[in-house]
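Structure at a glance
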Amino acid sequence: MIKSFKSIGNFGIFNSFDWRTEVRGNGGSVQNFQDINIIYGRNYSGKTTLSRIIRAMETGALSDKFELPAFSVAFSDGGLATETSLVGHGKIVRVFNDDFVRDNLRFITNPDDNIEPFAILGDDNNKIEKEISAIEAELGSKEEGKETCLYAQKDAAKAEEGEAFDVHEAAFDSLNVQLKSKATDKKIGIKYKPERFGDQNYNIQKLHADIKIVLSSNYRTPTDEQLAKLEKLISENKLRTISPFQPPELNFEKLTTETESLVAKKISESDKIEELVKDAVLNRWVNDGRTHHKGKRDKCAFCDNPISEDRWKELDKHFDEESALLEKNIDALIDKIEEEKNTASAALSLDKFRFYSKFHNQFDELTRTLKEAVGKYEISLGKLVTQLKARKEDILNQNSFEKPDDASADLLTAWSTYESIRTESDIFTTSLSSEQASAKETLRLKEVSDYLITIGYQEQLSSIEELKKKCVKAAKNNEQVNNIVLTKEKLIALKKRELNDEEKGAKKVNEYLNNFFGHRFITLESKKDVLAEDESKQICFEVIRDGKKAYHLSEGECSLLAFCYFLAKLDDIDTRDSKPIIWIDDPISSLDGNHIFFVYSLLNAEIVSAGKFQQLFISTHNLNFLKYLNQLGHKVLGQDGNYISYPKNSFVVARQDKTSTIGVMPKYLTDYATEFNYLFHQIYKCAQIETVDDTNYVIFCNFGNNSRKFFEIYLYYKYPDQGMNPKTLCSFFGEAKIPAVLTDRINNEYSHLCGIFERGLMPVEVPEMQTAAKQIIERLKEDGEQYSSLLKSIGIVDTVETQP
């Protein structure tokens, strides 16, 4: 249902209207539209403007004569219709106003034109009606919440599809949330760990690409050892270039040859002391003693006996220059061998931390190999020293030489291995960035792989796939049921078109004209349109008077015919049984009192009592008609035989200078609804105004009309033989003649512009208006009982003493 005109920014006479600000009850609460809504407003106050907004929702288009229209209609279900969204609201709307009359009853403006025909169901084909009933029985009830048969199946299929869709979406969204968290969550997201995973712009799309890789048959999970290496690699910093290693020259072969030469060297045996030759230890002991005594002692330090000159000569011949030279050469060669040892062991110092972590394992192996190679080389050199020392101990005797193993090859191999590692390390420096990027990618893929296992990715995918199959199956079933329902609905529409009867539409209009209004002078008849190009039956409506097409209809006849046409059209094939939102704008224009009552009776019987509406709006400018409308909806006999009462609300549309507004209808209009009450209220408000502004200026503009009509009613009942004239006005005001003269002037000059046409072009003189209003109120107070009653009728409680 329509809840309110939420806003009307610029449309017709409305400008900057806001419902929540303007339409409030006495307690300040916002009042909204109900099932039945009565709208009262004087002519030109904006009632038709409101009906045009609603009709635009029916036709889907606005007149291009409106400049920059802006409005918003709020529905109770939360929806909106605006000047840019007139379709799609899903509401069935039917509006009766001047535009409806012009569009459908064009003969009113063009006497040679006809009336738009409409078709309602015929009643001459029982067979088709039975077929329709049978199909409708298959379809069942379509009432929301009470569907049966195919409509129930359709509702269930739709619910099943919706439930399957929701479950599938929930599972899909749950997995997507988990993946999105892994991609971009600040706590666990790959995006926020670029130092480890290498991509600070990582997102869900890239994660899906990685998932595709780790789920491929080619992917291999790295081992723990490989992961440890990768962890070290990504933390590497670029190292300085290491200078090439220059290995020293090894002299093992040369030293071996020299050693062999000295160990096997033969010493001349002439002039040798035989005892010393035979005893190498004794020979060494004597030679050492000779060193300590010669040129230092005359006596032996051991036995204290003198050493003879001859003995010195014997010893000098025994320890000759050849022996001394051999011993000296042995010592020199031993020093060279020791130097070779030092050179070999100190040639290469290994520091693996000068190399990248990826080479550390090779370095550990090289360290062991190098140590073994140096040890072997030192052992081989030691064997040379051992043999040299043995010869030195037995300098006089030739020894046999045993050649040790040459371990220099292992040492050279270790040095060569080092140089290879050094070269690779230097080369690796240039590719460190790409190597680290590759390592981070490997770690990232491992992270993704582990996460998929943690969340049970494959299991979730399988579950989602199964849910998708169910969703597709439910959708297919829903589509099939919908197709069945649609086919049967189309079949019903087709068969109903077979029953369409435009002639019955005309008869329905005539029925309203005759039965409700007793108007038999004009009738509506269906005629075949001879100008129609289509050979199929084409009907038009004509207004007939005395068997001929009628021309020059009176305004009252046009009003009656138009309204009956509208009511009959509510039974056409597009509207019947749809319970539309109905808006009827001022249907009693140019009608007399009897016809006003018949219009009310027709509304009450054919729309309200029949329950043919979802929501009803009726606007009027006529207080007599308003009196009847206020009775609508009270204890109506429903289709089930029980009495129902429709919720109802009443509003007024009031124009203030150049703009109009909507408000809650005053209590005196809803409870009393006589023009006399209304006129009294207008005079009372004029008398009470303290400051004139744009909000109340219109009261003074209308004062002439209002006071004139008030006195016409009041004085007629007080003086039924005379009515209103200068004499009765004077009688009303008593001895004070000036108020009577002033009031008479205002009534004539401002109501009818009598004698002074220019008065209508001049501003209203507010002081004299208010003076007259106050004098009228003061005179009415003299009849305290009536005055109190008048005040109560307009919702004002005042204590007035009754005049004696």
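Scroll up a little and you will see the structure.
Since the model is a prediction, treat every value here as computed from it, not as a measurement.

Section: the pattern of salt bridges
- Tallying each qualifying case throughout the model produces 32 salt bridges.
- One salt bridge connects D77 with K91, and the closest N-O pair in it is separated by 3.3 Å. On the criterion of sequence distance, the pair formed by D77 in the loop between strand 4 (70-75) and strand 5 (80-82) and K91 in the loop between strand 5 and strand 6 (93-96) is long-range, its members being 14 residues apart.
- Its salt-bridge partner being K488, residue E138 comes within 3.0 Å of it at the nearest N-O pair. One end of the pair, E138, is in helix 4 (residues 126-139); the other, K488, is in helix 17 (residues 457-499), with 350 residues separating them in the sequence.
- According to the relative accessible area criterion, E138 is partly exposed, its value standing at 39%.
- Overlapping salt bridges bring together R55, E58, R94 and D103 as one network.

Structural notes on helix 5 (residues 149-184)
- The terminal C-alpha atoms of helix 5, which comprises 36 residues, lie 51 Å apart, in line with the 52 Å expected from a rise of 1.5 Å per residue.
- Of the positions making up helix 5, those classed as buried are L150, Y151, A157, A164, H168, L175, L179, K182 and A183.

A word on the packing of helix 5 against helix 16 (residues 432-455)
- Where helix 5 meets helix 16, the axes come as close as 12 Å, and the angle between the chain directions of the two elements is 150°. The orientation of helix 5 with respect to helix 16, classified from their angle, is roughly antiparallel. Considering the relative orientation of helix 5 and helix 16, their crossing is right-handed. Contacts between helix 5 and helix 16 involve L175, Q178, L179 and K182 from the first element and E447, Y451, L452 and I455 from the second.
- Of the residues in the contact of helix 5 with helix 16, the class split is five nonpolar, one polar and two charged.

Focus: the side chain of S619
- Summarising the element assignment, S619 is placed in strand 13 (residues 615-620).
- Within the structure, the side chain of S619 is placed 2.6 Å from the side chain of D585, a separation counted as a polar contact.
- Sequence-distant contacts of S619, defined by excluding residues within four places in its chain, comprise I39, K47, W583, I584, D585, D586 and P587.

Regarding the packing of helix 23 (residues 675-688) against helix 25 (residues 703-718)
- Between helix 23 and helix 25, whose axes approach to 9 Å, the crossing angle comes to 130°. Comparing the axis directions of helix 23 and helix 25 gives the class oblique. The element helix 23 and its partner helix 25 pack so that their crossing is left-handed. Seen from helix 23, the contacting residues are E675, F676, Y678, L679, F680, Q682, I683 and C686; seen from helix 25, they are F703, N706, S707, K709, F710, I713 and Y714.

Analysis parameters
- Residues numbered from 1 in each chain as written.
- Predicted model: local features only at pLDDT ≥ 70, side-chain atom pairs only at ≥ 80, totals over all residues.
- Heavy atoms only, no water.
- Salt bridge = Lys/Arg side-chain N within 4 Å of Asp/Glu carboxyl O.
- Helix = DSSP H or I, 4+ residues; strand = E, 2+ residues; numbered from the N terminus.
- Buried < 20%, exposed > 50% of the residue type's maximum accessible area, 1.4 Å probe, protein only.
- Expected span 1.5 Å × (residues − 1).
- Axes fitted to C-alpha atoms, helices over the stretch in contact; angles between N-to-C directions.
- Parallel < 35°, antiparallel > 145°, perpendicular 65-115°, else oblique.
- Left-handed = near helix turned anticlockwise from the far one by under 90°.
- Contact = heavy atoms within 4.5 Å.
- Nonpolar A, V, L, I, M, F, W, Y, C, P; charged D, E, K, R; others polar.
- Polar contact = N/O pair within 3.5 Å; in protein donor to acceptor, adjacent residues only side chain to side chain.

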